[in-house]
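# Chain and residue survey
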Amino acid sequence: MADKVYTNEEILKAATKIRKSILGIALRIGGCYLAQACSSADLVATLYLRILNLGPSLGNKEALPFPGVPSPTNMDYQKGSTYNGYNPKNPDYSKDRFFVSCCHYASVIYCALVEAGRIDASAIEKFNVDGWNMEMIGAEHSPGFENTAGSLGQTISIAAGTAHAYKMKGHTGNIVCMLSDGEIEEGQDWECFQAASFYKLENLIVYVDKNGQQVEGYTKDVMPTEPLVERMHAFGWECVEVDGHNIDAITEASKTPHKGKPLMIICDTCPWQGIPLLKPMMPKHYPRIPKEQKEEFQKFYESM
Amino acid sequence: MKMEINKHNENILRMASVHPELVVLSADLGTSCEVKEFAQKYPDRYFSMGIAEQNMCSWAAGLAREGYRPYLHTFSVFLYRRILDQLEMSIAYPNLPVVFCGFVPGITTPGGVSHQSTNDIGVVRTIPNFAIFDVGDATEIERVLDLAWDFNGPVYIRQLRKEVPRLFPANKPMEFNKARVLSEGTDVVIFSSSIMTEEAMRATAALKNKGVSIEHLHISTLKPFTDPQVVESLKKVKYGAVTIENGTVIGGLGTCVAEVMAENAIGKPLLKVGLNDQYAHGASKMYLLEHYHLDAMELIKKVEKLMGKDLGIKKEDLEAIRFEDFSEV
């Protein structure tokens, strides 16, 4: 649990601020992953402010210049996981780890880190700015990221391998992984789902932002993943589906008993939640603010 | 020549007894990759991942991040061709110490094209942070896992299994990024790797009988490829260089040598023996070596070409040393 106890109201307020920040970015640079921000802000805020058991951030409050790619001579750069309180040199294994697979949600993660007091609001000014660590799609060094997740389907396996290690070593922290629904179309996810249940990884907890859309349209039209709950049950997982905009429902779902099994919590979400002006554009992976609507969006932004 | 058997099995057991962090992951081919006994002796450190190499690779990344040292076991072809993206994004980019123990490299399997890793060196060589080892005999099998451990980053091993000849003295172990000088000479330099070194040794013996002065280097580290011995040997020979490798001539040993020659302005001809930009089919090793001209005779032809003369060496002259064959998939 986070040290400070946040009320539902505070969490919803933080989620609104996340959406507002990302709308602000979109107004500034023309577009952003707004649909993902709208769909996942409540979930990500609930994770950071209530569900995840993280230590205090050890990362820089301000953005940092890109520290270079990992190599034999560059392994001690500041890892993105330090912002989640993970100290690679001296880990507290009772704390949770948070793996973000849907890393094009980076802006949501950065803004949630601001709301959780883990980075300064001014760091967001460096979002997607050349030469800085706040890239549009996160990697090992990006605040809040454990790994380089841009090629979908791999992070769930890395998280499961970590959970396997935690289990063997008797560490009590949970390994939490966030997925979006589209990426579950990758075959590797299913390889991992079968292995995670085979190894009885009850310390592996997966949250899915099921916003029902992906690059080419609605998931149901591109490549449906439903019925996901039934599929997960068949794969030996505990799995529940909740309203991803209901803080109490997400909180309750996180307590679902899952003895001897990994747990998946599917959060049913809406890609224009909180910014209804986006609705006519959907489905859209990367909404841009139309010139003729800029003023309208600006006005809405100010009202948030 | 002495044949040794199941040296990897012995070696991984020795490594496991010294390094408690070492774990083995298998994609349903562990029993074909000499880790059956490991699984019996260390059941808690042997992870059956099923026929699912992508997950196995990224899962290993998670284990490596937590201090385990995963040694992945399956056929080499499934450890690069099938999972290249996982190998790059999950392992290579974060520079994790994961060892890919790839068995039946090149044409050492009768399993046909799907089982033959014929362009793996060329592919893996382009990946930052990786080291590549291509073992040639039992003596090298006995040391390669130690070198992989010491490298402390991602390592791709083309490993030999079951009956393997001992070509090199047991007390002269494989060294990191160091060519093994098997013959010194001034006419032609031969670079060989993997099972082709045995062929090259046969060819060298026959060539020496005809008075040709051969410099012969066995190469077992394909990345990095910076041993100064390579340059030195290239500089000292009169006619040029020949490479012979267990795979395609594009991107592997021949290409490594060509790059070194160009970078060092060594203006001599280089001829390459290997698969000539083609796949192979399923058959015995002996058949494949001959069918695809990956043998001592072809090497001799290339040396003759470099020297511009017919040395009159016949197939019978090479019969002195015979191979054991690989007959199992």
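Quantities reported herein were computed from a predicted structural model and do not represent experimental measurements.

This part covers the packing of helix α7 (residues 196-209) of chain B against helix α11 (residues 296-307) of chain B. All names here are of chain B. Where α7 meets α11, the closest approach of the two axes is 8 Å, and the angle between their N-to-C directions is 50 degrees. By the angle between their directions, the pair α7 and α11 is classed as oblique. Of the two possible hands of crossing, α7 and α11 adopt the one that is right-handed. In this structure, α7 contributes E199, A200, R202, A203, A206 and L207 to the contact, and α11 contributes A296, L299, I300 and V303. Per-class residue counts for the contact of α7 with α11 are eight nonpolar, no polar and two charged.

Moving on to the interface of chain A and chain B. Each side of the interface is counted separately: chain A has 21 residues, and chain B has 23 residues. Going through the elements one at a time, α4 (155-169) and α5 (187-198) of chain A are the ones with two or more residues in the side of chain A that touches chain B. Top element by residues in the side of chain A that touches chain B is α4 of chain A. It accounts for eight residues. In terms of residue class, the side of chain A that touches chain B is made up of nine nonpolar, 10 polar and two charged.

Here the focus is the nonpolar core. Among the nonpolar cores identified, the biggest contains 190 residues, and I18 and L34 of chain A together with L72 of chain B are the most heavily contacted of them. In terms of residue count, helix α2 (residues 34-51) of chain A provides more of this core than any other element does, 12 residues in total. There are two domains that each give this core at least three residues, and those are domain 1 (3-165) and domain 2 (180-318) of chain B. Other than its neighbours up to four places away in sequence, L34 of chain A contacts I22, L23, A26, I275, L278 and P287 of chain A.

For the rest of this paragraph, the subject is the confidence of the model for chain B. Residues and elements named next belong to chain B. Considering every residue of chain B, the mean pLDDT works out to 95; 97% of them sit at 70 or more. A low-confidence stretch, residues 323-327 (pLDDT under 50), is modelled with 12 contacts involving residues beyond four sequence positions or located in other chains. The complex model carries a pTM of 0.96, and its ipTM stands at 0.95.

Right, let's get into the sheet that holds strand β14 (residues 270-275) of chain B. Residue and element names in this part refer to chain B. Strand order in the open sheet formed by five strands is β9-β11-β10-β13-β14, with mixed pairing between adjacent strands. Sheet topology places β9 (180-183) and β14 at the edges, where each strand pairs with a single neighbour. Recorded for the sheet is a direction-independent mean angle of 20 degrees between the axes of neighbouring strands. Strand direction decides the pairing type here: strand β10 (residues 188-192) and strand β11 (residues 214-218), joined by five bridges, are parallel. Note on β11: the bridge partner recorded for F191 is L217. Each of β9, β10, β11 and β13 (240-248) is contacted by helix α8 (residues 228-236), which is oriented at about 160 degrees to β11, the strand it contacts most. The sheet contacts of helix α9 (residues 253-263) involve β10, β13 and β14, and relative to β13 the element is tilted by about 145 degrees.

Further remarks concern the environment of S58 of chain B. Position of S58 of chain B among the secondary structure elements: in helix α3 (residues 53-65). C-alpha separation for the pair S58 of chain B and M89 of chain B, spaced 31 residues apart in sequence, amounts to 8.6 Å. In contact with S58 of chain B, other than residues within four places in its own chain, are Q154, S157, I158 and G161 of chain A together with Q86 and S90 of chain B.

A few words now on the environment of V99 of chain B. All names here are of chain B. Structurally, the position occupied by V99 is in strand β5 (residues 99-103). Judged by C-beta crowding, with 28 C-beta atoms within 10 Å, V99 ranks as buried. Along the chain, V99 and V155 lie 56 residues apart, while their C-alpha atoms are 4.8 Å from each other.

Cut-offs applied
- Residues numbered from 1 in each chain as written.
- Chains lettered and ligands numbered in written order.
- Predicted model: local features only at pLDDT ≥ 70, side-chain atom pairs only at ≥ 80, totals over all residues.
- Axes fitted to C-alpha atoms, helices over the stretch in contact; angles between N-to-C directions.
- Helix = DSSP H or I, 4+ residues; strand = E, 2+ residues; numbered from the N terminus.
- Parallel < 35°, antiparallel > 145°, perpendicular 65-115°, else oblique.
- Left-handed = near helix turned anticlockwise from the far one by under 90°.
- Contact = placed C-beta atoms within 7 Å.
- Nonpolar A, V, L, I, M, F, W, Y, C, P; charged D, E, K, R; others polar.
- Core = buried A, V, L, I, M, F, W, Y, C linked by C-beta atoms within 7 Å.
- Buried ≥ 20, exposed ≤ 12 C-beta atoms within 10 Å, placed from the backbone.
- Domains from an automatic or database assignment.
- pLDDT = per-residue confidence, 0-100.
- Pairing = 2+ DSSP bridges.

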